[in-house]
Amino acid sequence: MDSICCLVVLHTGSQASGTLKLWGTIVGPVRSTMGAASAIVLVFVGCCTNVVFLELLVKEEPGSGNIITCAQFVFIALHGFLFTTQLGTKKNVVPIRDYMVLVVLFFVVNVCNNLAFAFNISMPLHMIFRSGGLIANMVMAVVVMGRRYSASKCLSVGMITLGTLVCTYASAQTLDKGGGGSNDGGSGESSEGSEGVMPSLVTWLGGIALLTFALFLSARMGIFQECLYTRYGKHPWEALFYIHALSLPGFLLTVGSIIDHAKRFSSSMPLPSLASVPLLAAIPHMWFYLLGNTLTQFVCISSVFHLTSECTSLTVTLVLTLRKFLSLLFSIAYFRNPFTVTHWLGTALVFGGTLLFSEVPDKLREAVAPSPPVAAIITTTRKTD
């Protein structure tokens, strides 16, 4: 984790010192000396702000998932080339052939997750559905690695599964109340008839299929990465760079969509609120949203990596779970997404199951349990002697 700042110092004596130092100051991850508290704050700030920019993008251009993903990958790959590989002079520890497997999995997972917005998937459902990653991880661990889990773990997975299904069902029920209205081409025809509802429902089911596929593929990727860490040691920043950099050629398959949305972004109007700012006044607002999404995505990822090096896995899981829940609440309140009592029930099951999976109740009981008397400890010690 310290390599980013160290590389900035190494480049200080070179001709590119000013540029690299400025780059590191703007987008570099939090230094480990700042402690876990700063990382937790930046996880909340970076990830929650990223959700805001993402929703602003997909609300106006639901099919912009490819250009969003491409921008994130280019930025992270460029940053990794400058700081992680030291302009390509630092040799990788993990073989490229192993990274290529992760590249294929990671690329497909990210494209599927972002592409789901084009299939009438709302932001709250998207976040809740992806919160069910524990289910997929447990299933894949049992199938691939033969692991076994306790009753509490199985109960938590059952809660998460049920919560995901409840929210999915609730979103399907509200689908014909305006969810597909933007696809009628402005004809003004009612979507309540079978001809209007069925295409919208089929599109929505396609989005659910994409999210499900990405969920299990992501779990399989995690197991493969765990095996790589066991074999070669942990090199998260190296993995972050190579996974994103080696994925860039894959965007050639979606270059048509990227160019099309780039033109749409360029034709968007500047933000009126930035009219008095010299450098930002002429920027089309969609490009501004994309820039904000890309930068906050990097802050989110780098902060999560930093938090992993500072805290236990339980703390990281708790922080990420609370972050998802806060992002969900903000998305509902700020963007006025439809959210019924059924959605709340499913949400409670998902996040409650996640906390149970993380053994939070057991940790709380241990924390509040009274300490044994000092005399009892002395007596036990004497008997042992």
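Structure shown above.
Residues numbered from 1 in each chain as written. Predicted model: local features only at pLDDT ≥ 70, side-chain atom pairs only at ≥ 80, totals over all residues. Heavy atoms only, no water.

(A) How the structure looks around the state of the cysteines. Applying the stated criterion across every chain yields a total of 1 disulfide. Here C47 connects covalently by a disulfide to C300, the sulfurs 1.9 Å from one another. Because the torsion about its S-S bond is 85°, the bridge between C47 and C300 counts as right-handed. Within this pair, whereas C47 is found in helix α3 (residues 35-60), its partner C300 is found in helix α12 (residues 285-310), the two being separated by 253 residues in sequence. Overall, C300 belongs to the buried group, its relative accessible area being 11%. (Disulfide = S-S within 2.5 Å. Helix = DSSP H or I, 4+ residues; strand = E, 2+ residues; numbered from the N terminus. Buried < 20%, exposed > 50% of the residue type's maximum accessible area, 1.4 Å probe, protein only.)

(B) Inspection of helix α6 (residues 123-130) at higher detail. Within α6, 7 of the 8 residues are buried, which leaves the element mostly enclosed by the surrounding structure. Regarding α6, the residues found buried are M123, P124, L125, H126, M127, I128 and F129.

(C) Focus on a nonpolar patch on the surface. Where nonpolar side chains cluster on the molecular surface, the patch consists of V139, V142, V143, V144, M145 and F216 and spans about 450 Å² of accessible area. Per-element tally for the nonpolar patch: the top contributor is helix α7 (residues 133-145), with 5 residues. Residue classification places V139 among the partly exposed positions, given a relative accessible area of 35%. (Patch = residues over 30% accessible without salt bridge, like charges linked within 9 Å, V, L, I, M, F, W, Y side chains within 5 Å. Areas by Shrake-Rupley, 256 points an atom, 1.4 Å probe, with all protein chains shown as cover. Salt bridge = Lys/Arg side-chain N within 4 Å of Asp/Glu carboxyl O.)

(D) Examining the packing of helix α4 (residues 65-83) against helix α10 (residues 236-247) more closely. Where α4 contacts α10, the two axes come as close as 8 Å, and the packing angle between them is 125°. With respect to their mutual orientation, α4 and α10 come out oblique. Judged by the sense of rotation from one axis to the other, the crossing of α4 with α10 is left-handed. Touching F73, I76, A77, G80 and F81 of α4 are L240, F241, H244, A245 and S247, all from α10. Across the contact of α4 with α10, the residue classes tally to 7 nonpolar, 3 polar and no charged. (Axes fitted to C-alpha atoms, helices over the stretch in contact; angles between N-to-C directions. Parallel < 35°, antiparallel > 145°, perpendicular 65-115°, else oblique. Left-handed = near helix turned anticlockwise from the far one by under 90°. Contact = heavy atoms within 4.5 Å. Nonpolar A, V, L, I, M, F, W, Y, C, P; charged D, E, K, R; others polar.)

(E) Representation of the packing of aromatic side chains in the model. Applying the stated criterion across every chain, the model contains 8 aromatic pairs. Taking the centre distance of 5.4 Å and the plane angle of 80° together, the rings of F73 and F251 count as edge-to-face. Placement of F73 in helix α4 and of F251 in the loop between α10 and α11 (255-266) is noted, with a sequence separation of 178 residues between them. Judged by relative accessible area, which is 5%, F251 ranks as buried. Members of the aromatic cluster, each reached through a chain of ring pairs, are F73, F106, F107 and F251. (Phe/Tyr/Trp six-rings, centres within 6.5 Å; stacked < 30°, edge-to-face > 60°.)

(F) Here's a closer look at the nonpolar core. Ranked by size, the top nonpolar core spans 59 residues in total, and within it L57, I67, I68, L102, I121, M123 and L328 carry the most contacts. Here this core takes 12 residues from helix α9 (residues 194-232), the largest share from any one element. What L102 contacts, discounting residues up to four positions off in sequence, is M221, F224, Q225, L228 and I243. Ranked by size, the runner-up nonpolar core spans 7 residues in total, among them C47, C300, L307 and V316. (Core = buried A, V, L, I, M, F, W, Y, C linked by side-chain atoms within 4.5 Å.)

(G) Representation of the pattern of salt bridges. Going through the model one piece at a time under the given rule, you end up with 3 salt bridges. Between E61 and R264 there is a salt bridge; the shortest N-O distance is 2.9 Å. Of this pair, E61 sits in the loop between α3 and α4 while R264 is found in helix α11, placing the two residues 203 residues apart along the sequence. Ionic pairing is found between D260 and R264, a salt bridge with its closest N-O pair at 3.2 Å. Placement of both D260 and R264 in helix α11 is noted, with a separation of 4 residues, approximately one turn of the helix. Through salt bridges with shared partners, a single network forms among E61, D260 and R264.

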